[in-house]
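Here's the letter readout for the chains.
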Amino acid sequence: MNNKSHTPLIFILLGGLILLFIISPLLGMFLATTPAQLFETSKDPEVVNSIWLTLWASFMATIVFAVGAIPLSYFLARTNFRFKGIVNGIVDLPVVIPHSAAGIAILGFVSRDSVLGKVGSSVGLNFVGHPAGIAIAMAFVSIPFLINAARDGFENVPVRLEKTALNLGASPARVFFTISLPLAWKNILSGLIMMFARGLSEFGAVIIIAYHPMITPILIFERFGAFGLKYARPVSVVFIIVCLVFFVLLRSLAKERKSTDA
Amino acid sequence: MNNKSHTPLIFILLGGLILLFIISPLLGMFLATTPAQLFETSKDPEVVNSIWLTLWASFMATIVFAVGAIPLSYFLARTNFRFKGIVNGIVDLPVVIPHSAAGIAILGFVSRDSVLGKVGSSVGLNFVGHPAGIAIAMAFVSIPFLINAARDGFENVPVRLEKTALNLGASPARVFFTISLPLAWKNILSGLIMMFARGLSEFGAVIIIAYHPMITPILIFERFGAFGLKYARPVSVVFIIVCLVFFVLLRSLAKERKSTDA
Amino acid sequence: QKTDKNEKLIIFHAGSLSVPFKQMKDEFEKENPGVEVLLESAGSVQCARKITDLKKDCDIMASADYKVIDEMLIPDFTNWNIKFAGNEMAIVFHDQSKYAGEINTENWYEILLRDDVFFGRSDPNSDPCGYRTVLISQLAQEYYKIPGLSEIIISKNNEYIRPKEVDLLALLESGTIDYLFLYRSVAQQHNLNYLVLPDSINLKNPDLANYYKTASTNIVGKEPGTAITVNGEPMVYGITILQNAPNKELAIKFVQFILSDVGAKIMEENGQPLITPSSSETYSFIPEKLKIFAKEIK
Amino acid sequence: MLKLNNISIKLGDFQLTNIDLELEKGDYYVLLGKSGVGKTVLLEIIAGLIQPDSGTVILNEIDITHEKIQKRKVGIVFQDYSVFPHLSVKQNIEYPLKGKNLSSKQIESLIHEYAELTNIPHLLNRGTQKLSGGELQRVALARMLVNKPDCLLLDEPLASLDVQLKGDLRNLLRKINQNGTTILHVTHDYEEAIALSNKVAVIHEGKIIQKGLTKEVFKKPANEFVANFTGIKNFFFAEFSPVNTANINGKVNIHVSNHDQIEKGKIIIRGEEIIISENHLQSSATNNFKGKILQIIPYFSNYEIIIDIGIELSVVISEESLSKFKFKENSEVWVSFKSTAIKIIP
Amino acid sequence: MLKLNNISIKLGDFQLTNIDLELEKGDYYVLLGKSGVGKTVLLEIIAGLIQPDSGTVILNEIDITHEKIQKRKVGIVFQDYSVFPHLSVKQNIEYPLKGKNLSSKQIESLIHEYAELTNIPHLLNRGTQKLSGGELQRVALARMLVNKPDCLLLDEPLASLDVQLKGDLRNLLRKINQNGTTILHVTHDYEEAIALSNKVAVIHEGKIIQKGLTKEVFKKPANEFVANFTGIKNFFFAEFSPVNTANINGKVNIHVSNHDQIEKGKIIIRGEEIIISENHLQSSATNNFKGKILQIIPYFSNYEIIIDIGIELSVVISEESLSKFKFKENSEVWVSFKSTAIKIIP
Ligand SMILES: Nc1ncnc2c1ncn2[C@@H]1O[C@H](COP(=O)(O)OP(=O)(O)OP(=O)(O)O)[C@@H](O)[C@H]1O
Ligand SMILES: Nc1ncnc2c1ncn2[C@@H]1O[C@H](COP(=O)(O)OP(=O)(O)OP(=O)(O)O)[C@@H](O)[C@H]1O
Ligand SMILES: [Mg+2]
Ligand SMILES: [Mg+2]
């Protein structure tokens, strides 16, 4: 239907510059890597394990924290209260906290003496140096992206439709799951993808919580320190390729949902 | 109108847990800092300068790159083309690239031997170790947040309204500025805030491009390394407070716009 | 002074030199108005990588282990190296650490091995402090005559290994760990408690160089999968000026300043006493003005 | 069954004041009012989407003014349809049935029954994004009807439908009402009120200005607004003198046959019984006036002509008469009507 | 002026085939069709929102089928209003004027003029989010009219308005048309077609099944659908025999007075001229049938009664007759009508 795009040409130019800006540094990295290096690297068990660990930890962080973050977003989108502005500001804070400061702050939160640390200890779980701790650090720095996207999504759902559903006799919970959530889903999915992506890249906060087991950003750092760019670069490239494939898939999943709507 | 909120109680509980998760680490940090330290720190010119530099660099990065990123988002929201999935995936990549890898990639992009570096040199500008370089590093890691938010925003603007405006004789550019942009503004603003915020916290990529002049995350890192937590913490706290004030203001600005709509 | 208004001097240095170098910078800038000394702190190897791999501009590089300069920078990026300061390994803790009141040179290994005690150390592959920790555990095994002690220490609490010494401090200050193996100078600069170890263990005394050499460990080599062996050696900081230094004149001036009496005092106060003039394998390449701080090996 | 007591609300410039309304079980109550008069607001107050500033809503003797939306037992069909955009037509209709402990077979048959009734079985598997206005309206209606509420609020439920569908759905609504559902139906179309309701209320400028049995209201409009609005033209207030004369607005005197000895009242002159001609007619008609044609409005098979004789009269004539006499706007004509063409409402 | 040649489009299950339409300058063309028949789709093809699969759209001799929306010189008022939600009423109306090189004084006065005409001056400073349906419709109309397009496409522009407003706005549209604007108006309301158009086309099942001068189409509907849809009931195809008899559907024979020697044709029986009674009447009426009452539908001041006499007849009777005879659904009655009550369309 939209065969005659009405996007002005200058937009395509400006947009193209931005794409170029994103692509060029990566391209430089790719061009400096030989296929042989990539092949070698993608067989290196240390690399493979770290990529799995990274994906897995960020995925778990996203899923587990979404269980609370999505309701929080809904609440923030629907309810007005006195200090909402402050709460919204607080939600943005983890984005803005320098990563090592974030790591130190989280360390205080999960270390042995903390409430959470004690709970963990009692079941034999020490967050420090454990994938669970990695996931917590990832969640802390990335959760605002989910909350903000989901809140925007819920704000775009007409309250009227929710009220219609209530009027049809649905319980608030059913309304949430059958109306609000599906209608905000596009934004939420976008937020989930962003949270997941942001978690994958975290270095500064994670390294303070857990150096081992080694997530890929730390592995790259380590390889860079120990063996130099030549050995760090292929790991980055492999990681980026894996992520790109992931995101293209996730985004097309998101798009599919949308097109079935129409 | 919305006086009877219909948010289920369990949502408030789950949401509360998430808020607690965000607040607790920060609170720990705040409680460990005395007002006297804060006062001292907020007078320290090195701290003040670095906070200004950080805010300024991230602000400029956000504004300058928004000029291209917003058109790109509009284009991505409105046009269908063959490799759109890939382009969307590429847009997400900077989020996912480990920060030091990102820093290394950008260094290749702006260093003196690069095209951009040569352009810079010819006007006497060396991006490495320059606020412009800092801004570029910040922009690289944070631009996806703007693009994604703006794209979601534009996708929510009914194409029908744009077509109505075209039918009323408005040029595509006028339609963009009077219809699409204002209607997507809430999401775009949210994206701008996120981009700005994300830029503020960047450490890994910036430290590779420019250790000096020192942005606050690097200052915190340096203080921590040289003098320990006791000296790093107040800087973090001051920085966080400044950011919180900023975000509450920005968010309430966003809200105001919204309420004048009604 | 004849320096330009905006003259810049870029110095890459090991994290453990942050405090003394900051003081040097302040003094030096006072003496030389218009000069701006830009200090960039990172792990010693990282500092070298910034020069070798990232090709960043740098005037002076000061490493926590003179060997980093020898092995990574010579001969492509510089051709000389002055060993200029010493340090020693210590066990660092704070008041809240478990058994902080009891620890001494006789029982420290026993306390560290208790179940409710956690201690941290650096990664041997990325930080000299890391392999030095391994080495002193071997020296301790020898010294206290407890077979297998090194093995036991090195295998405990591996979740608290971090790439740099400063990362460990966060663990200590947040109460996550009780003790860590660290340079005495850092403890001193951070106002932390530390246990001074016997000279036979602490890698401080150049006179014990031959004894230290009996300890050895493997770390990763130049590429993944390879290994090289490092032997115990007295801890010695190295300093050099890069061939491509943008500001060679000023760099020489700053190195002179570090190694002058003012510098010596600052280093002393920070627990990193100067050891110049020291013997140098690269004596002939040292700039004339700096030759007085070194001795030619006979 | 449903009772509004003294409902008042202010929204920006707009307000409703002291609205009282009472529906008995089985009523088909139509609320008539112009566009923007607040009909939708009133329905939404009953459904709980808007809270009134004062007054109470009583359903089955229970005060539900501050009850939660989902606890009120009134079903509303919204003017803007509020069809769920992410669900198919079928899923929309299925929605209220899902919580009801019905077998999937029962659900299926209910869906088909009501799709049939609203004439949308061919749309069941369609998405709702591209439906036409009339299609959406029927989906919304089916979705509510399948829920079988005791009390049904309809906000202009037939507005987007063509004549034929409108007829079909009026029959459906009538049937549902006859089966016991109380209905409050809001519209600006008086024909809908006549076709469907047993009671009607007219709302104007924030107040209910007349209510009662539909026949009563249409036969005896309380004032000009109601008269005009309910499609009755030529409605005037008059003062009567003993000599069978009625004076309208102090301007025009007309002969009436019988005014029951009242002094003031309302009169209606049936437009169909007014004759117009180019010259003064000598006939049995007792009222003859000269006037000017203000406007000629064509309808199906006849025309409405507005003539100013001091007061504005609306006259209905056939197509032939119009073409025979070549009446034009602004031309002068004579009008005449018998005193029996006048209806007096005390 | 505006010409559609052979337009075809397929959207999912729905399709339009070979649509031809021609508007001359000054025409008020009404396109009549049921809900969901594709009226909106057709207008959006002309306005360029949708591209047809085949066929061309010609405006003033220029092929604009693939022209950009903003370059087509046709204005469209959408069925869903498409009022800009972030602008006030005034800003909405101002929108098309902003690009036009007018002084702010001229703009101001134009806005007020058209707000006046559409009866929304009191809303000018309001936001558009809370407007009622009828208010929105008028804003959309004012916004388009102020732009004074040569060719105007209206998608049910009066659907949400009450009778009075509808009347006012019909006058406005008529006036605009008389001032030279060509109008293509889409609706399902045949009265609107009668009241406004000079030409009309009826669209059904994806095709235009009849078009022409409004009078012609309404007088001579081409088939039953058109007849029904245009409000004419009792429309039948008949076969005539030489003895003045018409046979309908092979079932019922009726007497006609004159059939111009044709063999097949259409007949319309005016519902107002059919008499019903409880017993067989001896009268001058030549057609007398026994039938069963299927349905009684009340209208304003009269009733429509559907009677099955083999064919379904729609009869209009007054309220008094209904109450006098107590007709009920399912009761048996006699119908009679004179052969002059029958209109034959060759
Ligand atoms: N929340 C609100 N704030 C301000 N004004 C409002 C609000 N809600 C409704 N209004 C105004 O109240 C008036 C009545 O609106 P309502 O929708 O009830 O009209 P309506 O009688 O249903 O008209 P229509 O027949 O056109 O649908 C309108 O002028 C509308 O603009
Ligand atoms: N993009 C599309 N994809 C599939 N079906 C569509 C699309 N657009 C419209 N339709 C279908 O085409 C048919 C005609 O729609 P349209 O809106 O033109 O009807 P309409 O004649 O305007 O009806 P109404 O009088 O109810 O407004 C409808 O059944 C609609 O669901
Ligand atoms: Mg309404
Ligand atoms: Mg339509």
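The rules behind these values
- Residues numbered from 1 in each chain as written.
- Chains lettered and ligands numbered in written order.
- Predicted model: local features only at pLDDT ≥ 70, side-chain atom pairs only at ≥ 80, totals over all residues.
- Heavy atoms only, no water.
- Helix = DSSP H or I, 4+ residues; strand = E, 2+ residues; numbered from the N terminus.
- Buried < 20%, exposed > 50% of the residue type's maximum accessible area, 1.4 Å probe, protein only.
- Contact = heavy atoms within 4.5 Å.
- Areas by Shrake-Rupley, 256 points an atom, 1.4 Å probe, with all protein chains shown as cover.
- Lys, Arg positive; Asp, Glu negative; His and termini not counted.
- Charge placed at Lys NZ, Arg CZ, Asp CG, Glu CD.
- Donors = N, O, S within 2.8 Å, 3.2 Å for Na, K, Ca; no water.
- Core = buried A, V, L, I, M, F, W, Y, C linked by side-chain atoms within 4.5 Å.
- Pairing = 2+ DSSP bridges.
- Axes fitted to C-alpha atoms, helices over the stretch in contact; angles between N-to-C directions.
- Buried area = accessible area lost by both parts, 1.4 Å probe.
- Salt bridge = Lys/Arg side-chain N within 4 Å of Asp/Glu carboxyl O.
- Polar contact = N/O pair within 3.5 Å; in protein donor to acceptor, adjacent residues only side chain to side chain.
- Nonpolar A, V, L, I, M, F, W, Y, C, P; charged D, E, K, R; others polar.
- Domains from an automatic or database assignment.
- Near = heavy atom within 4 Å.

Draft legend 1. Geometry of the overall build of chain D. When its secondary structure is counted, chain D shows nine helices and 20 strands. Summarising its shape, the C-alpha atoms of chain D cover approximately 75 × 45 × 40 Å along the three principal directions. Buried residues in chain D amount to 56% of all 346 residues. The long-range share in chain D, meaning contacts at least 24 apart out of those at least 6 apart in sequence, stands at 63%. In the structure as shown, chain D presents an accessible area of about 15000 Å², 47% of it carried by carbon and sulfur atoms. If the 40 positive side-chain charges of chain D are averaged to one point and the 40 negative ones to another, these points end up 3 Å apart.

Draft legend 2. Seen up close, the coordination of the magnesium ion (ligand 4). Residue and element names in this part refer to chain E. Protein coordination at the magnesium ion (ligand 4): the donors are Thr40 (OG1) and Gln79 (OE1), at 1.9 to 2.0 Å from the metal. Placement of Thr40 in helix 1 (residues 39–47) and of Gln79 in the loop between strand 6 (74–77) and helix 2 (89–94) is noted, with a sequence separation of 39 residues between them. The exposure class assigned to Thr40 is partly exposed, which follows from its relative accessible area of 21%.

Draft legend 3. Representation of the nonpolar core. Counting residues in hydrophobic clusters, the biggest one holds 265 residues, and the most contacted among them are Phe154 of chain A, Phe154 of chain B together with Phe21, Phe84 and Trp108 of chain C. Apart from the residues within four sequence positions on either side, Phe21 of chain C is in contact with Ile11, His13, Leu39, Ala62, Phe84, Ile239 and Ile258 of chain C. Of all hydrophobic cores here, the second largest spans 93 residues; its members include Leu161 of chain B together with Leu161, Ala195 and Val226 of chain E.

Draft legend 4. Here's a closer look at the sheet that holds strand 14 (residues 264–269) of chain E. Residue and element names in this part refer to chain E. Here we have five strands laid out as an open sheet, ordered 13-12-11-14-20, and antiparallel in their pairing. Of all the strands in the sheet, just strand 13 (252–255) and strand 20 (342–345) have a single pairing partner and so form its edges. Averaged over all neighbouring strand pairs, the angle between strand axes comes to 40°, with direction disregarded. Note: strand 11 (residues 235–241) against strand 14, five bridges, orientation antiparallel. Across the sheet, Glu239 pairs through a bridge with Lys264, a residue of strand 14.

Draft legend 5. Local environment of the coordination of the magnesium ion (ligand 3). Every protein donor of the magnesium ion (ligand 3) is listed here as Thr40 of chain D (OG1) and Gln79 of chain D (OE1), and their distances to the metal cover 1.9 to 2.1 Å. Take Gln79 of chain D: its relative accessible area is 22%, and that puts it in the partly exposed class.

Draft legend 6. Local environment of the interface of chain B and chain A. Counting from both sides, the interface comprises 90 residues of chain B and, opposite them, 90 residues of chain A. Together, the buried faces of chain B and chain A total about 8200 Å²; carbon and sulfur atoms form 77% of this surface. Counting across the interface, chain B meets chain A through two salt bridges. For Lys186 of chain B, the salt bridge is made with Glu155 of chain A, and the minimal N-O distance between the two is 2.8 Å. Inspection of the chain B/chain A interface yields eight residue pairs in polar contact (both at pLDDT 80 or more). The biggest single contributor to the side of chain B that touches chain A is helix 1 (residues 9–31) of chain B, with 13 residues. Looking at the side of chain B that touches chain A residue by residue, the class counts come to 59 nonpolar, 19 polar and 12 charged.

Draft legend 7. Inspection of the domain arrangement of chain D at higher detail. Residues and elements named next belong to chain D. Domain annotation for chain D reports domain 1 (2–229) and domain 2 (235–345). With centres defined by C-alpha atoms, the gap from domain 1 to domain 2 works out at 39 Å. With seven residues of domain 1 at the interface, the matching set in domain 2 holds six residues. Summing the contributions of domain 1 and of domain 2, the shared interface buries around 490 Å²; its carbon and sulfur component is 67%. When the area that domain 1 buries against domain 2 is broken down by residue, the three leading residues are Lys219, Pro221 and Glu224, summing to 56%. Across the domain 1-domain 2 interface, the total number found is zero salt bridges. Our count for the domain 1 to domain 2 interface comes out at zero residue pairs in polar contact (both at pLDDT 80 or more). Grouping the amino acids of the side of domain 1 that touches domain 2 by side-chain chemistry returns three nonpolar, one polar and three charged.

Draft legend 8. Region of interest: the site of ligand 1. Ligand 1 sits among 21 residues. The nearest are Gly36, Thr40 and Gln79 of chain D together with Arg126 and Ser132 of chain E. Residues within reach of ligand 1 are spread across chains B, D and E. Between an oxygen atom of ligand 1 and a main-chain N or O atom of Gly36 of chain D, the distance comes to 2.7 Å. Gln79 of chain D places a polar side-chain atom, nitrogen or oxygen, 2.7 Å from an oxygen atom of ligand 1. Protein chains shield 90% of the accessible area of ligand 1, which is 640 Å² for the free molecule. Listing elements by their share of the shell around ligand 1, those giving two or more residues are helix 1 (39–47) of chain D together with helix 4 (133–145) of chain E.

Draft legend 9. Representation of the pattern of salt bridges in the model. Throughout the structure, instances matching the rule amount to 39 salt bridges over all chains. Among the salt bridges present, the one from Arg49 of chain C reaches Asp53 of chain C, with a minimum N-O distance of 3.6 Å. The salt bridge involving Lys290 of chain E is made with Glu332 of chain E; its shortest N-O contact spans 3.5 Å. In this pair, Lys290 of chain E sits in strand 16 (residues 287–299) while Glu332 of chain E sits in strand 19 (residues 332–337), placing the two residues 42 residues apart along the sequence.

Draft legend 10. A look at the site of ligand 2. Taken together, 20 residues surround ligand 2, and among them Arg126 and Ser132 of chain D together with Gly36, Thr40 and Gln79 of chain E come closest. Two or more chains meet at ligand 2, and those chains are chains D and E. Between ligand 2 and Ser132 of chain D there is a distance of 2.7 Å, counted from an oxygen atom to a side-chain nitrogen or oxygen. Val37 of chain E is positioned such that a nitrogen or oxygen atom in its backbone is 3.2 Å from an oxygen atom of ligand 2. Burial of ligand 2 by the surrounding chains reaches 90%, relative to a free accessible area of 640 Å². Within the residue set of the shell around ligand 2, elements represented by two or more residues are helix 4 (133–145) of chain D together with helix 1 of chain E. Looking at side-chain class alone, the shell around ligand 2 contains five nonpolar, nine polar and six charged residues.

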